[in-house]
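Summary of the model geometry
The primary structure of each chain is shown beneath.
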Amino acid sequence: MTRKLIVCMFFIFSVMGSAQTYKMIDTADYLQRKEFLKSFAGNNEVFIKKLKSQYSGKIGSELSRIYKEFGTDFEKQVKNKDFIFRSEFENEIKSLIQRLRKNNPNIPQDLKILVARDNTPNAYCLADGTFVINMGLYNWLNSEDQIAAVITHELGHKIDEHSLKTFLSIIEQNEMDKTAVQNLKETTVKRSQSQNQKAFDILKNRAYKKGVERRKQEMKADSLGYGIFKNSDFKKSEFVNALQRLQDFDTISPRELKVETYKKLFDLPKQAFNEKWMKKEDFSLYNYNFYKEKLDKDSLASHPEISRRIEKLKKIFTELKTSAEPEKASETFTALKKTARMEILPNYFHSEDYGLGIYASMQFLQDGEEEKYYKGWLGKCFAKIYEARKNYNLNRYLDRIEPKNQSESYQQFLNFMWNLSLDDIKNIADFYQTGYPIKES
């Protein structure tokens, strides 16, 4: 999913309490990060040695290289504070896994939990047993039962070693492609459409094969995951409800920002609102069909459509054919959902998605939520946009307009942002930073 589509409707329920009393998650967790990194490095080294003993020659060397590179990259993410430690999220996830483990002894015992500062509803499990849960899952799902359903799906991937199988497939395919390309070079065919088609066929076959394998893995993880889930004390129907909720995330459009919201937020005492800021680019002559795709989109999708996954599950497990209302969330889950919601802006700020931070802040403020809190984050994000504009690297933090991939509301927002002058941006940043300061932990 592209950065442009990540902004979604986190407007599901009213936030209780006031922003003035909300205390952001403490990221002063140096000792915990240090301890985790030491453990992760050691476990990764042991895992690589195990792979070398199982796979000799070139395959073993390639696997070793892949996991070393992955380990290095993941360690950078940990050092960058992309994950939080000592949190109530971690405690709750451990509790859910314990409930799953009661009647499922095949669940690995060495799972380690990390909570990612990421607003997208996703999770993944690493080869060494590190389990990553994005905070966005608590924004988007409706109960701890649904969180447990996502966990079991990822456990399905882990139990069937899908990551390792994928890497082995890539190594095998790379060798096949090298041979095919070499054969092409050795042919006497002149540079022509025919030769170009052969080269494209190599790419196409490789892409299709990977797509087929990944779709099979997703279906398999669903089946294995539900097998674990139904043996537990969670409500069975919540497995399908969780998938349905994730499908809603895939298809939902960003909430519309009204013109009145812009005027309300940016008509300032020392800078009157300028109607020119709302001027839109003219895309009436834009040819959406100019770039015709040669590959079938459905064939290349890494995840099968969730509706197909649900249909397959219901076919295999007949008890899932009867739909049921979502389980009521516990007080613990509701509290975590509230925290995750309040961390949306800190998370965007941490990931340097300042444009998205402004867009989300405006959406919250349009709904009348936590005015002081979100106006403070509006100021912080505008200050970063000002620095970027001044340093000629605004593209890094603010999307360009792509009519084919963005909602009208988001296009209007981007037009507004790109229409602002350097002084305009500074005046907005100064107003909101001075009047609504944010203290980070």
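See the structure above.
Bear in mind the structure is a predicted one, so any value in this text is a computation, not a measurement.

1. Here's the deal with the overall build of the protein chain
Looking only at helices and strands, the protein chain features 17 helices and four strands. When contacts within the protein chain are restricted to residue pairs at least 6 apart in sequence, those whose partners lie at least 24 apart make up 77%.

2. A word on the environment of Phe 431
By the element assignment, Phe 431 lies in helix α17 (residues 422–435). A residue is classified by how much of its surface remains accessible, and Phe 431, at 31% relative accessible area, is partly exposed. Residues Phe 431 and Lys 270, spaced 161 residues apart in sequence, show a C-alpha to C-alpha distance of 8.9 Å.

3. Quick notes on the sheet that holds strand β3 (residues 123–125)
Reading across from one edge, β1-β2-β4-β3 is the order of the four strands in this open sheet, with mixed pairing throughout. Either end of the sheet is taken by a strand with one partner, and the two such strands are β1 (83–84) and β3. Alignment of β1 against strand β2 (residues 112–116), held across two bridges, turns out to be antiparallel. By the bridge assignment for β2, Ile 84 is matched with Val 115. Across the sheet, helix α3 (residues 88–101) lies against β1, β2 and β4 (130–134), angled at about 135° from β2, the strand it touches most.

4. Examining the packing of helix α9 (residues 259–266) against helix α14 (residues 354–366)
Following both chains from N to C, one finds α9 and α14 inclined at 95°, their axes separated by 10 Å at the closest point. Relative to α14, the element α9 lies roughly perpendicular. Residues Thr 261, Tyr 262, Leu 265 and Phe 266 of α9 form the contact with α14, whose participating residues are Met 362, Leu 365 and Gln 366. Considered class by class, the residues forming the contact of α9 with α14 number five nonpolar, two polar and no charged.

5. Some thoughts on the pattern of salt bridges
This model, assessed by the stated rule, comprises 20 salt bridges. With a closest N to O distance of 2.7 Å, Arg 309 and Asp 222 form a salt bridge. Highlighted residues: Arg 309 in helix α11 (residues 306–316) and Asp 222 in helix α7 (residues 193–230), separated in sequence by 87 residues. The burial state of Arg 309 is the same as that of Asp 222; both residues are buried. With its nearest N and O atoms 3.5 Å apart, the salt bridge here joins Lys 235 to Glu 327. Remark: Glu 327 occurs in the loop between α11 and α12 (331–342) and Lys 235 occurs in the loop between α7 and α8 (237–251); sequence separation between them is 92 residues. Looking at Lys 235, the relative accessible area reads 33%, which means it is partly exposed. Bridged by salt links that share partners, the residues Glu 62, Arg 65 and Glu 69 form one connected network.

6. Considerations on the packing of aromatic side chains
Counted according to the given criterion, the structure contains 31 aromatic pairs. Residues Phe 229 and Phe 234 carry aromatic rings whose centres are separated by 5.7 Å and whose planes lie at 10° to one another, so their mutual orientation is stacked. For the ring pair Phe 431 and Tyr 432, a centre distance of 4.9 Å and an interplane angle of 90° mean the geometry is edge-to-face. Clustering of aromatic rings is evident, with ring pairs tying together Phe 349, Tyr 354, Phe 364, Tyr 373, Tyr 374, Trp 377 and Tyr 397. Over the face of the ring belonging to Trp 418 we find Arg 400, whose NZ or CZ atom lies 3.6 Å from the ring centre.

What counts as what
Residues numbered from 1 in each chain as written. Predicted model: local features only at pLDDT ≥ 70, side-chain atom pairs only at ≥ 80, totals over all residues. Heavy atoms only, no water. Helix = DSSP H or I, 4+ residues; strand = E, 2+ residues; numbered from the N terminus. Contact = heavy atoms within 4.5 Å. Buried < 20%, exposed > 50% of the residue type's maximum accessible area, 1.4 Å probe, protein only. Pairing = 2+ DSSP bridges. Axes fitted to C-alpha atoms, helices over the stretch in contact; angles between N-to-C directions. Parallel < 35°, antiparallel > 145°, perpendicular 65-115°, else oblique. Nonpolar A, V, L, I, M, F, W, Y, C, P; charged D, E, K, R; others polar. Salt bridge = Lys/Arg side-chain N within 4 Å of Asp/Glu carboxyl O. Phe/Tyr/Trp six-rings, centres within 6.5 Å; stacked < 30°, edge-to-face > 60°. Lys NZ or Arg CZ within 6 Å of the ring centre and 35° of its normal.

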